[in-house]
Amino acid sequence: AAQLRFTKSPFSTSEEPTPLEDVTSYNNYYEFGVDKGDPAANAHTLTTKPWTVAVDGLVSRPTTFHVEDLLKTVTLEERIYQLRCVEGWSMVIPWVGFPLSDVLHRVEPLGSAKYVAFETLLRPEEMPGQTGLFQALEWPYVEGLRLDEALHPLTILAVGLYGDMLPNQNGAPIRLIVPWKYGFKSIKSIVRISLVEKQPETSWNRQNPREYGFYSNVNPEVDHPRWSQATERPIGEGGLFAKRKPTLLFNGYAEEVAHLYAGMDLRANF
Amino acid sequence: MPRYINRAIYLVGMMPATWTFYLGVIDQLGADPMKTLERSLGLWALRFLIITLTITPLRDLSGVNLLRYRRALGLLAFFYALMHLSTYLVLDQGLDLDAIWADILKRPYITIGMLSFATLVPLAITSNNAMIRRLGGAAWARLHRWVYLAAGAAAVHYLLVVKSWTMEPVIYTMIVAVLLAYRVARRLRGRRRVTLASA
């Protein structure tokens, strides 16, 4: 993989990053299988070049970006972020990417745009999880953010990991990272970004609305109906005898993002 | 001969646990070793429960009688359940009693898992010849029918713990359901035979 050029960012955490080996071998990417090891085993078949991302909907200038061209026009930054999975484990990951707002500003959202809808690739011939009798989710995978969440400086499109291009199992060639929300909000291998007026459907909410809300902000006070979210298991620390650590409100990014939810009932809007 | 086979069953039966724990200690269990160990032990407990429950249908349907090995298989199921529970209590929760108690009360999958384990305890304690003599064959057999509850609860526990229903937990649950349904069918047929005979 080609080494990327990037600058450092004040948004990075000073926490020690999770080893690359763990970040690239322990993945939830159901398009390649439901076991944590499946994406690393199966995702190499995915063709990521050429790759285009259509940005459309309520915008003045709908554009289809070629990822290679897009990369020539953005300033890449390293963002070392906390990642908290809804399942109760966490990692610290050095992503390389750029603010999603860079792209959104280029297409000029209309005043009527209130939400941003995202869509992952649908390509059953290269994504074994999208075929077969028993499928965990409806395809393509879709996600969504409120426009202000999407424009927040912490929200990035990542194209790299540990200074290199993104491995396929981590969502190559381009994926979303929203560090204050549970990992499943950070949709992988994006092909479409649409600005819309109404709150878009999201894959896990569609699958089980009682358990996975639209917001899915990391919150130790609001338990998943079937398990506690108060603590998390850091991956790659201490092996078999690793200790849990407390989960932080908004995954530790409360200072940056809490104002987005001022006055909202975070229990009702989980 | 059966005595040696029984010893072999214990020896071979404990190998998955020994091997997985060894891999964990030398840090070869992947990114989330505790979870891998916890799941593996739980899955083996369910597998041994299933094997234990197939002894009777196997005898009925094919004439192969492995009854003398059922105790070893049942006890292996209990040992795996015990190791699975210990992993959860010690390695997963770090013996945080408040968190564990909250889990038991609030989380149906933990409650049901605990129920399954609690059911297995008296069965394990009475899995020896002295207890069969003490209880008498009929009472002992009645007590050990609680294994049906333990197996059913174990399957539901597995179904509830996963983020979404994938192939594996659904298949295990179906196997348990078939094995339990077989008991019900056998009971009903037996009763009908009795009624016919007395008519």
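Residues numbered from 1 in each chain as written. Chains lettered and ligands numbered in written order. Predicted model: local features only at pLDDT ≥ 70, side-chain atom pairs only at ≥ 80, totals over all residues. Heavy atoms only, no water.

### Concerning unusual backbone geometry
Rules: Under the DSSP-based scheme used, a helix requires at least four consecutive residues in state H or I and a strand at least two consecutive residues in state E, with every element numbered from the N terminus.
That bond from Lys49(A) to Pro50(A) is cis: its omega, -5°, falls within 30 degrees of zero. When you line up the elements, Pro50(A) lands in the loop between helix H2 (38–42) and strand S1 (52–57). For the peptide bond that leads from Ala172(A) to Pro173(A), omega is 0°, which places it in the cis range. Within the fold, Pro173(A) resides in the loop between strand S8 (164–165) and strand S9 (175–177). One non-glycine residue, Tyr162(A), lies in positive phi territory at about 55°. In this structure, Asp27(B) takes a positive phi of about 60° despite not being glycine. The topology assignment puts Asp27(B) in the loop between helix H2 (15–25) and helix H3 (33–62).

### Some remarks on the interface of chain A and chain B
Our working definition: Contacts: residue pairs with any heavy atoms within 4.5 Å of one another. Accessible area that two parts lose when put together, with a 1.4 Å probe and added across both, is what the buried area reports. For salt bridges, the criterion is a side-chain nitrogen of Lys or Arg within 4 Å of an Asp or Glu carboxyl oxygen. As used in this structure description, the phrase polar contact means that two N or O atoms lie within 3.5 Å; if the pair is within protein, one of them must be able to donate a hydrogen and the other to accept it, and residues adjacent in sequence are counted only when both atoms belong to side chains. Only Asp, Glu, Lys and Arg are considered charged in this grouping, and only Ala, Val, Leu, Ile, Met, Phe, Trp, Tyr, Cys and Pro are considered nonpolar; every other residue, Gly among them, is considered polar.
The interface of chain A with chain B comprises 27 residues on the first partner and 26 residues on the second. Summed over both partners, the interface of chain A with chain B comes to about 2,200 Å²; 57% of that surface belongs to carbon and sulfur atoms. When residues of chain A are sorted by the area they lose upon contact with chain B, Phe134(A), Arg226(A) and Leu240(A) head the list and together hold 36% of the total. Counting across the interface, chain A meets chain B through four salt bridges. For the salt bridge of Asp223(A) with Arg107(B), the shortest nitrogen-to-oxygen distance reads 2.8 Å. At the junction of chain A with chain B, the criterion picks out seven residue pairs in polar contact (both at pLDDT 80 or more). The residue makeup of the side of chain A that touches chain B, split by class, is 15 nonpolar, six polar and six charged.

### Structural notes on the UniProt feature "domain: Ferric oxidoreductase" (unreviewed entry) in chain B
How we decide: UniProt positions are given in the numbering used here, feature names are shortened, and annotations may be inferred rather than shown by experiment.
Under the UniProt annotation, "domain: Ferric oxidoreductase" (unreviewed entry) lies at residues 41–152 of chain B. Along residues 41–152 of chain B the backbone is 84% helical and 0% strand, and the end-to-end C-alpha distance reaches 17 Å.

### Brief notes about the environment of Val178(A)
Tracing the sequence through the fold places Val178(A) in the loop between S9 and strand S10 (190–196). Not counting residues up to four positions away in its chain, the partners in contact with Val178(A) are Leu145(A), Thr155(A) and Ser186(A).

### Let's talk about the packing of H3(B) against helix H4 (residues 70–92) of chain B
Residues and elements named next belong to chain B. Threshold: Axis definition: a line fitted to C-alpha atoms, limited for helices to the stretch in contact. Angles are taken between N-to-C directions and run from 0 to 180 degrees. Should an angle lie under 35 degrees it is considered roughly parallel, over 145 roughly antiparallel, and from 65 to 115 roughly perpendicular; all remaining angles are considered oblique. Left-handed describes a crossing in which the near helix is turned anticlockwise from the far one by less than a right angle; the clockwise case is right-handed.
Packing of H3 against H4 brings their axes to within 8 Å, and their N-to-C directions diverge by 160°. Considered as vectors, H3 and H4 are oriented roughly antiparallel to each other. As H3 packs across H4, the resulting crossing turns out to be left-handed. Among the residues forming the contact of H3 with H4, the class breakdown is 17 nonpolar, six polar and four charged.

### Brief notes about the packing of aromatic side chains
We count it as follows: Ring geometry is summarised as follows: Phe, Tyr and Trp rings, the Trp one being its six-membered ring, pair when their centres sit within 6.5 Å, and such pairs are stacked at plane angles under 30 degrees, edge-to-face over 60 and tilted between the two. Charge-over-ring placement is defined geometrically: NZ (Lys) or CZ (Arg) within 6 Å of the ring centre, and within 35 degrees of the ring normal.
Summed over the entire model, instances satisfying the criterion amount to 17 aromatic pairs over all chains. Look at Trp44(B) and Tyr80(B): their rings are 6.4 Å apart centre to centre, the planes differ by 40°, and that puts the pair in the tilted class. Within this pair, whereas Trp44(B) is found in helix H3, its partner Tyr80(B) is found in helix H4, the two being separated by 36 residues in sequence. What links up through ring pairs into an aromatic cluster is the set Tyr115(A), Phe214(A), Tyr215(A), Phe250(A) and Tyr261(A). One cation-aromatic arrangement involves Arg47(B) over Trp44(B); the distance from NZ or CZ to the ring centre is 4.6 Å.

### Side note on a positive patch on the surface
Residue and element names in this part refer to chain B. Put simply, the test is: Patch rule: a residue counts if its relative accessible area is over 30% and it has no salt bridge; like charges are joined within 9 Å, and nonpolar side chains (Val, Leu, Ile, Met, Phe, Trp, Tyr) within 5 Å. Areas reported here follow the Shrake-Rupley algorithm with a probe of radius 1.4 Å; residue values treat only the protein chains shown as occluding. Residues scored as charged are limited to Lys and Arg (positive) and Asp and Glu (negative), so that His and the chain ends carry no count. Just so you know, the charge point we use is NZ for Lys, CZ for Arg, CG for Asp and CD for Glu. Exposure is judged per residue with a 1.4 Å probe applied to protein chains only, and the accessible area is read against the type maximum: over 50% gives exposed, under 20% gives buried, and values in between give partly exposed.
A surface patch of like charges, here positive, comprises Arg142, Arg145, Arg187 and Arg191. Along the chain, Arg187 falls in helix H10 (residues 167–198). Of the residues examined, Arg187 reaches a relative accessible area of 52% and is grouped as exposed.

### Brief notes about the sheet that holds strand S2 (residues 63–66) of chain A
All names here are of chain A. Filter applied, for reference: Pairing between strands is defined by DSSP: at least two bridges between them are needed.
A sheet is described by the order of its strands in space; here five strands give the open sequence S2-S1-S10-S5-S6, paired in mixed fashion. The open sheet is flanked by S2 and strand S6 (142–146), the only strands paired with a single partner. Strand-to-strand, the axes of this sheet are offset by a mean angle of 15°, without reference to chain direction. With six bridges connecting them, strand S5 (residues 115–120) and S10 associate as antiparallel partners. Bridge pairing in S10 links Val116 to Leu195.

### Examining the side chain of Asp22(A)
Relative to the helices and strands, Asp22(A) resides in helix H1 (residues 20–23). Despite its burial, Asp22(A) remains without a salt bridge, the nearest opposite charge being carried by Arg233(A) at 12 Å. With residues near it in sequence (within four places) discarded, Asp22(A) still touches Met91(A), Ile235(A), Gly236(A) and Ala31(B).

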